[in-house]
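# Architecture at a glance
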Amino acid sequence: AGFIKSPLSQKRLTQDSVELYCEAIGNPIPEIQWWFEGNEPNETYAQLWDGARQDRVKINATYNLHSTSTIYIANLTSDDSGTYECRASNDPDRNHLSKSPKIKWIRSQANVFVIERPDIKAHVREDGGRLTLTCNMTAPYPAIQGHEWTRGDKTLQTDTDSSAFTSYVIEGKMEEHSGVYECVYKTSPEIKGQVNISVPPQVMPYKKSEHGNEGDTGVLTCKNPSFPPVSLWVWYKNGQEVGAPIVNGSGRYIIKSSGNKTELRILKLNIEEDAGDYHCNATNAQGLGGATVNLRVRSRLAALWPFLGIVAEVLVLVTIIFIYEKRRKPDEVLDGKRCQGKSNATNHKDKNVRQRNAN
């Protein structure tokens, strides 16, 4: 048995892609082939292979317990409309040129309709701290049942208007809301337009001030949250952009840049040579932007100073206690002698009284 698990009828726009999935079960494991018949009256079925139609067709097949195959067609054109047929057979003579197979090919079909993509004119207007994004779809186009405005995975606005024109308003400046926005027309199939808010790089340091210990590795980081992405990152020392930039791999410098983030690593930090300001400069299609990071390098003994301070405090406290005890003990000894002398005098007096009474 063989069957196509994808929807048996699919609508797509030109420049879109389509994917069909087929499974076949049998013993021995059957082979799967893909065939196509166009909508032209005189067109007949023709077999498709991986790499057909100027490498726009990709076919993947696996044969494990049962057969599975996927056909993927990219960048669709109107000529891709038609019937796609999945054929499966396990007859040994299924591909013989002269012998007819004893077992007929099991077939399953799916229809693909490719519709000409309407043109969508997108525009961004900034006026008095407000951004207005608009999309206008030109005829001909399928029936519209509403619109959506999205950014990434987030839906910003939705409506049920059937107009070919739709807009979305943002309070703020372009630098604060740069990015890729999509206007989605709820049609069959769904039609999307793209509105880009592009600004020069709005570079931000990860930290305005970084600290490192002498001999360790210092890490300075800058990022660009705006659109479009940065095409070139450059680092300068002490903000001297006129001078030569820092070259990756030169001396003790290692630079790692990827898209909207750059990182400067300085190996074996030196207090005299490495402390100071570093400037990260970014370039994209809209212009330039930069930020400054201050690097402070601490001595190796910096971590010992708190411990030495505690030790000094303890020594001072012990010294004060020792001096205090030394001064207090002689007084106590003298007091003891006075008390002892007074006691002896009292004893002698009592003895004299007893002697007089006896006489």
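My aim in this report is to walk through the structure given alongside it, one point at a time. None of these values were measured; they are calculated from a predicted model.

The next subject is the overall build of the protein. Scanning the protein from terminus to terminus reveals three helices and 24 strands. The burial tally for the protein puts 33% of its 359 residues in the buried class. Taking as baseline every contact in the protein between residues at least 6 positions apart, the subset at least 24 positions apart corresponds to 60%. Total accessible area on the protein is roughly 22,600 Å²; 52% of this is exposed by carbon and sulfur atoms.

We now examine a negative patch on the surface. A contiguous patch of negative charge, built from Glu126, Asp127, Glu175 and Glu176, is present on the exposed surface. Tracing the sequence through the fold places Glu176 in the loop between β14 (165-171) and β15 (179-185).

Before going further, it helps to examine a nonpolar patch on the surface. Taken together, the side chains of Phe307, Leu308, Val311 and Leu315 define a hydrophobic patch exposed on the protein surface, amounting to about 380 Å² of accessible area. Looking at the element boundaries, Val311 is found in helix α3 (residues 304-358).

Here the focus is the packing of aromatic side chains. For the coordinates displayed, the defined rule picks out two aromatic pairs. Relative to Tyr84, the ring of Phe36 has its centre 4.7 Å away and its plane inclined at 45°; by these criteria the two rings are tilted. Here the residue Phe36 occupies a position in strand β4 (residues 31-38), and Tyr84 occupies one in strand β8 (residues 82-89), the gap between them amounting to 48 residues. Residue class for Tyr84 comes out buried when judged on its relative accessible area of 1%. Seen from their ring centres, Trp149 and Tyr168 are 6.1 Å apart, and the 25° between their planes marks the pair as stacked. Of this pair, Trp149 sits in strand β12 (residues 147-151) while Tyr168 sits in strand β14; the two residues are 19 residues apart in sequence, bridging distant segments of the chain. Assessed through its relative accessible area of 15%, Tyr168 is described here as buried.

For the coordinates displayed, the defined rule picks out three disulfides. The disulfide partner of Cys135 is Cys183, and the gap between their sulfur atoms is 2.1 Å. On the S-S bond that ties Cys135 to Cys183, the torsion sits near -85°, and the link is left-handed. Taken as a pair, Cys135 in strand β11 (residues 130-137) and Cys183 in strand β15 lie far apart in primary sequence, 48 residues in all. Among the residues examined, Cys183 registers a relative accessible area of 0% and is labelled buried. Disulfide partners in the protein, listed by the sequence order of the bonded cysteines, are 1-2, 3-4, 5-6.

Before going further, it helps to spend a moment on the pattern of salt bridges. Inspection of every chain in the model, using the stated rule, returns eleven salt bridges. The partner of Arg53 in a salt bridge is Asp80, with the nearest N and O atoms 2.9 Å apart. One end of the pair, Arg53, is in helix α1 (residues 52-55); the other, Asp80, is in the loop between β7 (66-73) and β8, and 27 residues separate them in sequence. Its relative accessible area of 1% is what places Asp80 among the buried residues.

As a further point, take the side chain of Arg53. Within the structure, the side chain of Arg53 is placed 2.9 Å from the side chain of Asp80, a separation counted as a polar contact. Those residues within four positions of Arg53 in sequence are excluded, and the remaining contacts are Phe36, Leu48, Ile73, Asp80 and Tyr84.

Quick notes on the rules
- Residues numbered from 1 in each chain as written.
- Predicted model: local features only at pLDDT ≥ 70, side-chain atom pairs only at ≥ 80, totals over all residues.
- Heavy atoms only, no water.
- Helix = DSSP H or I, 4+ residues; strand = E, 2+ residues; numbered from the N terminus.
- Buried < 20%, exposed > 50% of the residue type's maximum accessible area, 1.4 Å probe, protein only.
- Contact = heavy atoms within 4.5 Å.
- Areas by Shrake-Rupley, 256 points an atom, 1.4 Å probe, with all protein chains shown as cover.
- Patch = residues over 30% accessible without salt bridge, like charges linked within 9 Å, V, L, I, M, F, W, Y side chains within 5 Å.
- Salt bridge = Lys/Arg side-chain N within 4 Å of Asp/Glu carboxyl O.
- Lys, Arg positive; Asp, Glu negative; His and termini not counted.
- Charge placed at Lys NZ, Arg CZ, Asp CG, Glu CD.
- Phe/Tyr/Trp six-rings, centres within 6.5 Å; stacked < 30°, edge-to-face > 60°.
- Disulfide = S-S within 2.5 Å.
- Polar contact = N/O pair within 3.5 Å; in protein donor to acceptor, adjacent residues only side chain to side chain.

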